[in-house]
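# Observations on the three-dimensional arrangement
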Amino acid sequence: QVQLVESGGGLVQAGGSLRLSCATSSRTFSSYAMGWFRQAPGKEREFVAAITWNGGRTYYTDSVKGRFTISRDNAKSTVYLRMNSLKPEDTAVYYCAVDYESRITSAQALYWGQGTQVTVSS
């Protein structure tokens, strides 16, 4: 059974940092793009960041550019999201996803993790 397991969420004050991790259960994910999405209460799930299978290209939504960094370690079958200078508006459940590079920025992933809560207090 394919699994994506996120970790690293929590409560942090504005201006603080967190690093999210997403471990995958299959080495085959090293052939796919991976991304992070988030969903705040009452809002639709939105794209945050994505990375191609070999880490050669990264994509970010405008609101996190310069603050968040996505990376991956295919030897560990894990993708990371480093989040700096966190703001209250970053509060959401964060989900990792696996998909084809051509649509990794859309919320049509092949596989989703269960999500991890990030709460930023003001």
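In this report, the structure presented in the accompanying data block is examined.

The rules behind each value
Residues numbered from 1 in each chain as written. Predicted model: local features only at pLDDT ≥ 70, side-chain atom pairs only at ≥ 80, totals over all residues. Heavy atoms only, no water. Helix = DSSP H or I, 4+ residues; strand = E, 2+ residues; numbered from the N terminus. Buried < 20%, exposed > 50% of the residue type's maximum accessible area, 1.4 Å probe, protein only. Contact = heavy atoms within 4.5 Å. Polar contact = N/O pair within 3.5 Å; in protein donor to acceptor, adjacent residues only side chain to side chain. Disulfide = S-S within 2.5 Å.

### Side note on the environment of tyrosine 59
Position of tyrosine 59 relative to the elements: it lies in strand β6 (residues 58-60). By relative accessible area, tyrosine 59 is classed as partly exposed at 29%. When the C-alpha positions of tyrosine 59 and threonine 69 are compared, they lie 9.5 Å apart, and in sequence the two are 10 residues distant. Excluding residues that lie within four positions of it along the chain, tyrosine 59 makes contacts with Phe47, Val48, Ala49, Ala50, Thr52, Glu101 and Thr105. A polar contact is formed between the side chain of tyrosine 59 and the side chain of arginine 57, at a distance of 3.4 Å. Reaching out from tyrosine 59, the side chain makes a polar contact with the side chain of glutamate 101 at a distance of 3.3 Å.

### Observations regarding the state of the cysteines
Per the counting criterion, the structure on display carries one disulfide. With its sulfur 1.9 Å from that of its partner, cysteine 22 forms a disulfide with cysteine 96. Given an S-S torsion of about 40 degrees, the disulfide between cysteine 22 and cysteine 96 has right-handed geometry. Pair noted here: cysteine 22 is in strand β3 (residues 18-24) and cysteine 96 is in strand β9 (residues 92-99), with a separation of 74 residues, a long-range link. We classify cysteine 96 as buried; its relative accessible area is 0%.

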